[in-house]
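# Residue-level structural notes
Below are the chains, spelled out letter by letter.
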Amino acid sequence: MRTLTRAGALSAVAAATLFAAPVAAHATAPGDNGTVKIHDAKTGEELRRNEPHVCTFYLDAFGFDGGQQVGWHIEAWAPTAHTKGETVKSGDIVLDAQGHGRTEDLSLPDGHYKLFWNFAGEKGAAKHKVFWTDCAPDDSKGGGGTTSTSTPSASVSASASPESSASPAAGAAASASPSAQGGDSGDLAETGNGAPVGLLAGLSAALVAAGGYLLARRRRV
């Protein structure tokens, strides 16, 4: 009987061990089953894809345990970092009941960076992501330069053209004006002085002759 009792007890322990083994295999430390992504500020939180090239951005975490407490920081990274490993931004976040959470929109100078995502109960190294920020405008490659250089040249030619075209006209008007006035004054002097003087001289001669005739006739009488 004792042998059977011992055998039954050993079987029960073995069965309990077999049932507990799958649970222990699937059990993980809080937060180790989640992931974090870099998202552009215009990207929705539902996208579960990393975006390593951004301007303004946010950190999007999902798949963690509910209410997980996270501390994160971002370090400057080679090849653009002046000091590799220098922390340039950091913060804390508590995830919601579904293990999801996002930070506010963030911004950094153009360069290369690495995110470190630490959480309570993690095993091993923190989760991390490497990414670039690049906020240069689309037309920074010389598109606007052509317009700016062509505009001054056009304004210079436009401003110079009236002066060059106006100068000969002004000179011609200045040179033509004195000659015209000189010709008019000569014509006025000739017609105003010559014709009246001759007419008056003829009238005077006629009067003198008439007076002499009347005087001679009177003497005869």
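What comes next is a walk through the structure.

Calculation criteria
- Residues numbered from 1 in each chain as written.
- Predicted model: local features only at pLDDT ≥ 70, side-chain atom pairs only at ≥ 80, totals over all residues.
- Heavy atoms only, no water.
- Pairing = 2+ DSSP bridges.
- Helix = DSSP H or I, 4+ residues; strand = E, 2+ residues; numbered from the N terminus.
- Phe/Tyr/Trp six-rings, centres within 6.5 Å; stacked < 30°, edge-to-face > 60°.
- Buried < 20%, exposed > 50% of the residue type's maximum accessible area, 1.4 Å probe, protein only.
- Lys NZ or Arg CZ within 6 Å of the ring centre and 35° of its normal.
- Contact = heavy atoms within 4.5 Å.
- Lys, Arg positive; Asp, Glu negative; His and termini not counted.
- Salt bridge = Lys/Arg side-chain N within 4 Å of Asp/Glu carboxyl O.
- Polar contact = N/O pair within 3.5 Å; in protein donor to acceptor, adjacent residues only side chain to side chain.
- Disulfide = S-S within 2.5 Å.

### Regarding the sheet that holds strand S1 (residues 35-40)
- Strand order in the open sheet made by the three strands is S1-S3-S6, with antiparallel pairing throughout. Single-partner strands in this sheet number two, and they are S1 and strand S6 (101-102).
- Note that S1 and strand S3 (residues 57-62) share six bridges and pair antiparallel. Across the sheet, the residue bridging to Asp40 is Phe57, located in S3.

### A closer look at the packing of aromatic side chains
- According to the stated counting rule, one finds five aromatic pairs in the structure shown.
- Considering the side-chain rings of Phe57 and Phe131, the 5.1 Å spacing of their centres and the 55 degrees angle between planes classify their relative orientation as tilted. On the criterion of sequence distance, the pair formed by Phe57 in strand S3 and Phe131 in strand S8 (residues 127-133) is long-range, its members being 74 residues apart.
- A residue is classified by how much of its surface remains accessible, and Phe57, at 0% relative accessible area, is buried.
- The exposure class assigned to Phe131 is buried, which follows from its relative accessible area of 0%.
- A network of ring pairs unites the aromatic residues Phe57, Tyr113 and Phe131 as a single cluster.
- Residue placement shows Lys84 over the ring face of Trp77; its charged tip is 4.6 Å from the ring centre.
- Taking NZ or CZ as reference, Arg102 lies 3.7 Å from the ring centre of Tyr58, over its face.

### Side note on the environment of Phe131
- The spatial distance from the C-alpha of Phe131 to the C-alpha of Trp77 is 9.2 Å, given a sequence separation of 54 residues.
- Contacts of Phe131, omitting those with residues within four sequence positions, involve Ile38, Pro52, Val54, Phe57, Ile74, Leu108, Gly111, His112, Tyr113, Lys114 and Leu115.

### Digging into the side chain of Asp60
- Structurally, the position occupied by Asp60 is in strand S3.
- For the buried residue Asp60, which engages in no salt bridge, the nearest side chain bearing the opposite charge is Arg102, 6.6 Å off.
- For Asp60, the side chain forms a polar contact with the side chain of His39, separated by 3.2 Å.
- Apart from the residues lying within four places of it in its own chain, the contact partners of Asp60 are Thr35, Val36, Lys37, His39, Glu45, Leu47, His100, Gly101 and Arg102.

### Details of the sheet that holds S8
- With mixed pairing, five strands are arranged side by side in an open sheet as S2-S8-S7-S4-S5. The sheet is open, and its two borders are formed by strand S2 (53-54) and strand S5 (87-94), each paired with just one other strand.
- Where strand S4 (residues 69-76) lies against S5, seven bridges are found, and the strand directions are antiparallel. By the bridge assignment for S5, Ile74 is matched with Lys89.

### As for the pairing of S4
- Of all eight residues in S4, six are buried, a share of seventy percent or more.
- When S4 meets strand S7 (residues 111-119), the two strands line up antiparallel, connected through seven bridges. The partner of Ile74 across the bridge, within S7, is Leu115.

### Looking at the pattern of salt bridges
- Under the counting rule described, the total for this entry stands at two salt bridges.
- For Arg102, the salt bridge is made with Glu45, and the minimal N-O distance between the two is 3.7 Å. Of this pair, Arg102 sits in strand S6 while Glu45 sits in the loop between S1 and S2, placing them 57 residues apart in sequence.
- For Asp105, the salt bridge is made with Arg102, and the minimal N-O distance between the two is 2.8 Å.

### Observations regarding the state of the cysteines
- Inspection of every chain in the model, using the stated rule, returns one disulfide.
- Put simply, Cys55 and Cys135 are joined by a disulfide, and their sulfur atoms are 1.9 Å apart. The S-S bond linking Cys55 to Cys135 shows a torsion near 110 degrees; that makes this disulfide right-handed. Taken together, the residues span a long stretch of sequence, with Cys55 in the loop between S2 and S3 and Cys135 in the loop between S8 and helix H2 (143-220) at a distance of 80 residues.
- Residue classification places Cys55 among the partly exposed residues on the basis of a relative accessible area of 27%.
- The partly exposed category is assigned to Cys135, whose relative accessible area is 36%.

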